[in-house]
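In case you want the letters, here they are:
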Amino acid sequence: MQELRLRIQPEQAANADEVRRITARTLRVEEEEMGEVVIRKRSIDARKGVWIQLELRVYDKGEPIEEESFPTHYSDVSKAAPVHIIGFGPAGIFAALRLIELGLKPVIFERGKDVRSRRRDLAQLTREHVVNEDSNYCFGEGGAGTYSDGKLYTRSTKRGNVREVLNTFVAHGADQTIMVEAHPHIGTNKLPEIIVDMRETILKYGGEVHFDARVTDIVEESGELKSLVVNGKEVPSTYTILATGHSARDIFALFDQKNWKIEAKSFALGVRVEHPQTLIDQIQYNRKERGDALPPAAYNLVCQVDDKGVYSFCMCPGGIIAPCATAPGEIVTNGWSPSKRNNPYANSGMVVTVEPEELKALGFDGPLAGLEFQRVIEQKACEMAGGTQKAPAQRLLDFVQGKKSSNLPSCSYTPGLESVNMHELFPRMITRRLVEGFKQFDRKMKGFLTNDAVIVGPESRTSSPIRIPREKDTLDHPEIKGLYPCGEGAGFAGGIVSAAVDGRKTAEAIRVSVNS
Ligand SMILES: Cc1cc2nc3c(=O)[nH]c(=O)nc-3n(C[C@H](O)[C@H](O)[C@H](O)COP(=O)(O)OP(=O)(O)OC[C@H]3O[C@@H](n4cnc5c(N)ncnc54)[C@H](O)[C@@H]3O)c2cc1C
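Computed from a predicted model, the values in this text were never measured in an experiment.

Side note on the overall build of the protein chain
Then, number 1: Helices and strands together make up the secondary structure of the protein chain, namely 13 helices and 22 strands.
Then, number 2: On C-alpha atoms alone, the protein chain measures out to a radius of gyration of 24 Å, which is about the 24 Å that the 2.2 N^0.38 rule sets for 516 residues.
Then, number 3: The principal-axis extent of the C-alpha atoms belonging to the protein chain is close to 75 × 60 × 40 Å.
Then, number 4: Considering the protein chain as a whole, with its 516 residues, one finds that 46% of them fall into the buried category.

Written out as structure tokens, the structure reads:
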């Protein structure tokens, strides 16, 4: 077996026979002499022309292929010591699966509903503009991950951990191509069944999953965790993983009320921008027609304005802008796409980094400052757009030129749009950076700044504005032994994979504590 890298045309890469022919030619062997050719990694390079880069394993004739296996090591934990988990998002799910591998019993409390019931609430949110505070795009089985876009890439450099997470996704039904693609993507249509499969594993091996189970209090005695209050009932607990996500505002308020340590941290806020996908394809691939050999094009933009980052966030080719509010009277946007990415629009968050010191200057102070700032913007957006789930919007060039749009293009955001001047929604420091950012992005992607694009907002839940601190080694909260802040809500992750990696890491820390 030998390993080989190829850089070939998209049309060639899309044809397995052609890949085989080119491989044989490159290795100077006859095609018939070669065994299997297996793609190990695939990425697109669109810097000078459009190329597909493949990393291949070429086997000798008759040589058996090393099948990649996705082993799991679960055993029955029904009689083992319980570890409570608050929140069944990626952090909670992967913590639960890892606890089972380590011989501990996960008992999960999730305020939202199971995937299927949750889907009905999402439909109601879109069609009737009714926001259920326990069941929405952020809350419910699988957390914000279930109806997310399912892009599974992360800036994490710990590749081993990331591979473990991808393995677990494949073991629960995700397509094996996620192990090959440089930018793996599952798609919103496929995620729910994978999440259900993970829940079934947890139940099968003796874990417990409780839906409609909101934790409203955490009780501590002399610096040690004592119990949780779930739906008004006290549940004794020695170990609890707190994986409630960045939208669990009542949990942050609880910490603040009890004077337990939490810290304001920087986060990012801005808008979603949506272009016709064909335009993004033309800019990125520099071709009139994308053709079938290439996927709908993505982009990743970043620049500095006033020494602060302005960047694209969660870019969804062929996607949809989704209503992600978690309470009535607010507007929150985010984006997703189906596995085929076959919607006619390309959307992305365009956000500006906001530091706690800047919020102070705007009158928002203390650990909850970022959360209050988010809330004010989200509620103002709702008011400006008429008080339903319609979102405020403006054509992109009009926004940059500071004028209200006389009409709006068609858009994937189903609850509807209201034309407003988005400069009135944000403080000047945000709009200034966004305007400058869009101008710079147009220099990187000629044609990006166009009135065929629309901005919709706000994109306010990019990451947690608060960190719930934890001890460096033991990972429990410095003031409450036995309580483990985890995942995105606690400020230790930003995305599905990093939340999953953090869930696993937290489970491992608990195993060490139980053993000691
Ligand atoms: C539309 C959309 C698209 C996205 N696309 C991507 C993407 O493509 N790639 C990516 O990496 N990330 C994406 N994300 C972000 C990703 O989903 C989150 O980063 C990730 O889910 C965070 O995981 P978590 O487990 O830390 O928290 P969450 O997923 O937020 O889960 C927290 C859970 O805790 C529960 N909870 C909260 N409070 C309580 C309580 N008091 N009692 C009981 N339960 C409680 C909530 O109901 C929720 O289920 C997207 C998010 C959205 C909304």
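Focus: the site of the ligand
Then, number 1: As a structural note, the neighbourhood of the ligand is formed by 43 residues, with Gly87, Gly89, Gly143, Gly245 and Gly487 the closest of them.
Then, number 2: Of all the secondary-structure elements, those providing two or more residues to the shell around the ligand are α3 (90–101), β16 (333–336) and α13 (496–515).
Then, number 3: Of the residues that constitute the shell around the ligand, the class distribution is 22 nonpolar, 15 polar and 6 charged.
Then, number 4: The two domains that each donate at least three residues to the shell around the ligand are domain 2 (82–262 + 468–515) and domain 3 (264–459).

Quick look at the sheet that holds strand β4 (residues 82–86)
Then, number 1: Read across the sheet, 5 strands follow the order β6-β5-β4-β10-β22 without closing on themselves; strand pairing throughout is parallel. The two strands at the open ends of the sheet, each matched to only one other strand, are β6 (208–210) and β22 (483–485). On average, each strand axis in the sheet is tilted by 20° relative to the strand beside it, whichever way the strands run.
Then, number 2: Note: β4 against strand β5 (residues 105–109), 5 bridges, orientation parallel. Opposite Ile86, over in β5, you have Phe109 as the bridge partner.
Then, number 3: The strands touched by α3 are β4, β5 and β10 (240–242); relative to β5, the strand with the most contacts, the crossing angle is about 160°.

A look at the domain arrangement of the protein chain
Then, number 1: According to the domain assignment, the protein chain contains domain 1 (2–60), domain 2 (82–262 + 468–515) and domain 3 (264–459).
Then, number 2: Using only C-alpha atoms to locate each centre, domain 1 and domain 3 end up separated by 38 Å.
Then, number 3: Of the residues lining the interface, 6 residues belong to domain 1; the matching set on domain 3 comes to 4 residues.
Then, number 4: Per-class residue counts for the side of domain 1 that touches domain 3 are 5 nonpolar, no polar and 1 charged.

Some words on the sheet that holds strand β13 (residues 302–305)
Then, number 1: In spatial order, the strands read β13-β14-β17-β12-β20-β18-β19; together these 7 strands make up an open sheet with mixed pairing. The open sheet has two edge strands with one neighbour each: β13 and β19 (417–419). Strand-to-strand twist across the sheet, computed as the mean angle between neighbouring axes with direction ignored, equals 30°.
Then, number 2: Along the sheet, helix α10 (residues 369–384) makes contact with β12 (267–276), β18 (391–395) and β20 (454–459), crossing β20 at roughly 135°.

Some thoughts on the pairing of β4
Looking along a regular strand, one sees the side chains alternate between the two faces of the sheet.
Then, number 1: Most of β4 sits inside the fold, with 4 of its 5 residues counted as buried.
Then, number 2: The parallel pair β4 and β5 is bridged by α3, and the resulting crossover is right-handed.
Then, number 3: Where β4 lies against β10, 3 bridges are found, and the strand directions are parallel. Bridge pairing links His84 to Thr240 in β10.

Some remarks on the environment of Lys288
Then, number 1: Checked against the element boundaries, Lys288 lands in the loop between α8 (277–285) and β13.
Then, number 2: Since 9 C-beta atoms lie within 10 Å of it, Lys288 is described here as exposed.
Then, number 3: As a C-alpha pair, Lys288 and Thr278 span 10 residues in sequence and 8.7 Å in three-dimensional space.

Things to note about the packing of α3 against helix α6 (residues 191–204)
Then, number 1: Where α3 contacts α6, the axes come no closer than 10 Å and their chain directions differ by 35°. For the crossing formed where α3 meets α6, the hand is left-handed. Seen from α3, the contacting residues are Ile93, Ala96, Leu97 and Ile100; seen from α6, they are Met198, Thr201 and Ile202.
Then, number 2: When the residues that make up the contact of α3 with α6 are grouped by side-chain class, the tally is 6 nonpolar, 1 polar and no charged.

A closer look at the nonpolar core
Then, number 1: Within the largest apolar cluster, 129 residues are counted, with the highest numbers of intra-cluster contacts made by Ala95, Ala96, Leu242, Ile455, Val456 and Cys486.
Then, number 2: Two domains each donate at least three residues to this core, and these are domain 2 (82–262 + 468–515) and domain 3 (264–459).
Then, number 3: In this view, Ala96 contacts Ile85, Pro106, Ile108, Ile202 and Gly207; residues no more than four positions away in its chain are not counted.
Then, number 4: By size, the runner-up hydrophobic cluster in this structure holds 7 residues, among which are Val37, Ile52, Leu54 and Leu56.

As for the packing of α3 against α13
Then, number 1: It is at 7 Å that the axes of α3 and α13 come closest, and there the two elements cross at 40°. When the axis of α3 is compared with that of α13, the two are oblique. Between α3 and α13 lies a crossing of right-handed hand. When α3 is examined against α13, the residues Pro90, Ala91, Gly92, Ile93, Phe94, Ala95, Arg98 and Leu99 are found in contact with a partner set consisting of Ile496, Ala499, Ala500, Asp502, Gly503, Arg504, Thr506, Ala507 and Glu508.
Then, number 2: Per-class residue counts for the contact of α3 with α13 are 10 nonpolar, 3 polar and 4 charged.

Examining helix α2 (residues 16–27)
Then, number 1: In this model α2 runs 16 Å from its N-terminal to its C-terminal C-alpha over 12 residues, within 8% of the 16 Å that 1.5 Å per residue would give.
Then, number 2: Within two residues after α2, Arg28 carries a phi angle of roughly 55°, on the positive side.

Some thoughts on α8
Then, number 1: Along α8, the residues that are buried comprise Gln277, Ile280, Asp281 and Gln284. Down the axis, α8 shows its buried residues gathered within 105° of arc, on one side only.
Then, number 2: Looking at the buried side of α8, the elements it contacts are β12 and β17 (345–354).
Then, number 3: Phi for Asn286, located one or two positions after α8, is positive at around 55°.

Conventions used here
The residue numbers shown here count from 1 along each chain, following its written sequence. In view of the model being predicted, local features appear only for residues whose pLDDT reaches at least 70, and side-chain atom pairs are presented and counted only at 80 or more, with totals across whole chains, interfaces and linings using the full set of residues. Runs of H or I in DSSP of at least four residues are treated as helices and runs of E of at least two as strands, each being numbered from the N terminus. C-alpha atoms define the radius of gyration, and 2.2 Å times the number of residues to the power 0.38 defines the globule rule. Buried means a residue has 20 or more other C-beta atoms within 10 Å of its own C-beta, exposed means 12 or fewer, and partly exposed covers the counts in between; C-beta atoms are placed from the backbone. We call a residue near a molecule or strand when its C-beta atom, built from the backbone, sits within 6 Å of it. For this classification, Asp, Glu, Lys and Arg are treated as charged, while Ala, Val, Leu, Ile, Met, Phe, Trp, Tyr, Cys and Pro are nonpolar and the rest, including Gly, are polar. Where each domain starts and ends comes from a domain assignment, either automatic or drawn from a database. By this definition, two strands are paired if DSSP reports at least two bridges between them. Here the axes come from fitting lines to C-alpha atoms, over the contacting stretch only for helices, and the angles between their N-to-C directions go from 0 to 180 degrees. Our contact criterion uses C-beta atoms placed from the backbone: two residues qualify when those atoms are within 7 Å. Every crossover in which the path from the first strand over the helix to the second runs clockwise, viewed with the strands pointing away from the viewer, is termed right-handed. With the far helix as reference, a near helix turned anticlockwise by less than a right angle produces a left-handed crossing, and one turned clockwise produces a right-handed crossing. Take the buried Ala, Val, Leu, Ile, Met, Phe, Trp, Tyr and Cys residues, join any whose C-beta atoms are within 7 Å, and the set you get is a nonpolar core. Working rule for angles: under 35 degrees goes down as roughly parallel, over 145 as roughly antiparallel, 65 to 115 as roughly perpendicular, anything else as oblique. To estimate the expected span of a helix, count its residues, drop one, and scale the result by 1.5 Å. Note: the arc covers the axis-to-C-beta directions of the helix.

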